Amino acid sequence: MNTLLLDKEYYHFNNEELNVIITKKNITIEIDGNVKINDLESKEDINLNIKVNDNSSLIYNKYNKNLSNSNIIIDINNNTNVRFNQSAYNELEGDFKVNANILGSNNNTTINFYGVTNQKGKMIVDATGDVKKNLKNNDMLENVRILALNEEQNIILPNLLVSSNEVVINHNATLSSLNEDYLFYLESKGLTKEDASNLIYRGFLTSKLEIDDEIKNNLLD
């Protein structure tokens, strides 16, 4: 699969599967049909607006390292299926926002944000699901988890704004550190503590990314 460099303010994708590298800070991507985007190498802070049109499906896999600011807005219309999977590793302070605006009916939406902090890194994650008025048959999951490899303070701000009755909307928010039982088990199998920690956090970071195992294995090198 070829990699497309996104250096303009607007792109429209229709029935495509592609890898992208985003170099433009402010960018809008419009989606029609069935689209899968792997955004695994972008290195710059970003304001990204994704517009998912009627009768469309989107899988968006995003990995970032050491971003200071990431602002994602997803506008979702009618009869869509959206899975937005963002994984972030930070050794500095990062401010992350993911807003899913449900503008139509008959949608299935999943927002996954998995973050890892290390050294001086910490995260503030503001995740908002906003379901507008007079809509029907919307199912939404907002899933935000942060794994801390350090002693810095992380913050999750889960927001659910629901103005319609016929909707199923849930959120998970978890802040955790490395599980000592997992570490002990892996060390008992001959791994060093550092190797065991790396194995755990790498598996955590890539668990929701819908990409090939070979890409997962190379992603964090």
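Look a little higher up for the structure.
These numbers were taken from a predicted model, which means no experiment stands behind them.

Conventions used here
- Residues numbered from 1 in each chain as written.
- Predicted model: local features only at pLDDT ≥ 70, side-chain atom pairs only at ≥ 80, totals over all residues.
- Heavy atoms only, no water.
- Axes fitted to C-alpha atoms, helices over the stretch in contact; angles between N-to-C directions.
- Helix = DSSP H or I, 4+ residues; strand = E, 2+ residues; numbered from the N terminus.
- Parallel < 35°, antiparallel > 145°, perpendicular 65-115°, else oblique.
- Left-handed = near helix turned anticlockwise from the far one by under 90°.
- Contact = heavy atoms within 4.5 Å.
- Nonpolar A, V, L, I, M, F, W, Y, C, P; charged D, E, K, R; others polar.
- Core = buried A, V, L, I, M, F, W, Y, C linked by side-chain atoms within 4.5 Å.
- Buried < 20%, exposed > 50% of the residue type's maximum accessible area, 1.4 Å probe, protein only.
- Phe/Tyr/Trp six-rings, centres within 6.5 Å; stacked < 30°, edge-to-face > 60°.
- Polar contact = N/O pair within 3.5 Å; in protein donor to acceptor, adjacent residues only side chain to side chain.
- Salt bridge = Lys/Arg side-chain N within 4 Å of Asp/Glu carboxyl O.

K.L.:
When you look at the packing of helix H1 (residues 180-188) against helix H2 (residues 193-206) in this model, what are you seeing that I'm missing?
P.N.:
Axis angle and axis distance: for two packed helices, these are the angle between their axes and the distance between the axes, and together they describe the pair. Two elements in contact, H1 and H2, have axes whose closest approach is 9 Å; the angle formed by their N-to-C orientations is 125°. Of the possible angle classes, the one that applies to H1 and H2 is oblique. Pair H1 / H2 crosses with right-handed handedness. On the side of H1, the interface is formed by Tyr182, Leu183, Leu186 and Glu187, while H2 contributes Lys193, Ala196, Ser197, Leu199 and Ile200. Across the contact of H1 with H2, the residue classes tally to six nonpolar, one polar and two charged.

K.L.:
Would you mind going over the nonpolar core with me for this structure?
P.N.:
In summary, soluble globular proteins display a tendency toward joint burial of nonpolar side chains. Residues Phe13, Ile29, Ile37, Ile50 and Tyr60 are the most contacted members of the largest nonpolar core, which totals 41 residues. When near neighbours in sequence (up to four residues on either side) are disregarded, phenylalanine 13 contacts Leu4, Leu6, Leu18, Ile29, Glu30, Ile31, Asp32, Val35 and Ile37. By size, the runner-up hydrophobic cluster in this structure holds 18 residues, among which are Tyr63, Leu178, Leu186 and Tyr201.

K.L.:
I tried to follow the packing of aromatic side chains on my own but got confused; where do I start?
P.N.:
Aromatic ring pairs are described here by two measures, namely the spacing of the ring centres and the angle between the planes. The full count for this structure, using the stated rule, is five aromatic pairs. The interplanar angle of 25° and the centroid separation of 5.6 Å between the aromatic rings of tyrosine 89 and tyrosine 201 together place this pair among those described as stacked. Here the residue tyrosine 89 occupies a position in strand E9 (residues 80-90), and tyrosine 201 occupies one in helix H2, the gap between them amounting to 112 residues. When its relative accessible area of 6% is taken as the criterion, tyrosine 89 is described as buried. Ring centres of tyrosine 114 and phenylalanine 204 lie 4.9 Å apart, and the angle between their planes is 35°; on these two criteria the pair is classed as tilted. Taken together, the residues span a long stretch of sequence, with tyrosine 114 in strand E11 (residues 107-117) and phenylalanine 204 in helix H2 at a distance of 90 residues. Taking relative accessible area as the criterion, tyrosine 114 reaches 7% and is therefore assigned buried.

K.L.:
I keep staring at the side chain of asparagine 101 and nothing clicks. Help me out?
P.N.:
For asparagine 101, the position within the fold is in strand E10 (residues 93-102). Classification of asparagine 101 by relative accessible area gives buried; the value is 17%. Among the polar contacts made by the side chain of asparagine 101, one reaches the side chain of aspartate 75 at a distance of 3.0 Å. In this view, asparagine 101 contacts Ile73, Ile74, Asp75, Ile76 and Asp130; residues no more than four positions away in its chain are not counted.

K.L.:
Which parts of the structure should I look at to understand the pattern of salt bridges?
P.N.:
Between side chains of opposite charge, a pair can form as their charged atoms come close. The tally for this structure, following the rule as stated, stands at five salt bridges. Lysine 62 serves as the salt-bridge partner of aspartate 39, at 2.7 Å between the closest nitrogen and oxygen. Highlighted residues: aspartate 39 in strand E5 (residues 34-39) and lysine 62 in strand E7 (residues 57-65), separated in sequence by 23 residues. A relative accessible area of 0% places aspartate 39 in the buried class. Lysine 51 is the partner of aspartate 75 in a salt bridge, and the nearest nitrogen-oxygen pair spans 3.4 Å. Linking aspartate 75 in strand E8 (residues 69-76) with lysine 51 in strand E6 (residues 46-52), this pair joins segments that are 24 residues apart in sequence. Take lysine 51: its relative accessible area is 31%, and that puts it in the partly exposed class.

K.L.:
What's the story with unusual backbone geometry in this structure? I'm lost.
P.N.:
Note: most residues except glycine have negative phi, and most peptide bonds are trans. Phi at glutamine 119 takes a positive value of approximately 55°, unusual for a residue other than glycine. Its place among the elements puts glutamine 119 in the loop between E11 and strand E12 (122-131). Here glutamine 119 falls in the exposed class, since its relative accessible area comes to 51%. Positioned with a positive phi, asparagine 137 is a non-glycine residue whose angle comes to about 55°. Summarising the element assignment, asparagine 137 is placed in the loop between E12 and strand E13 (138-148).

All we've got here are geometric facts, nothing functional implied.
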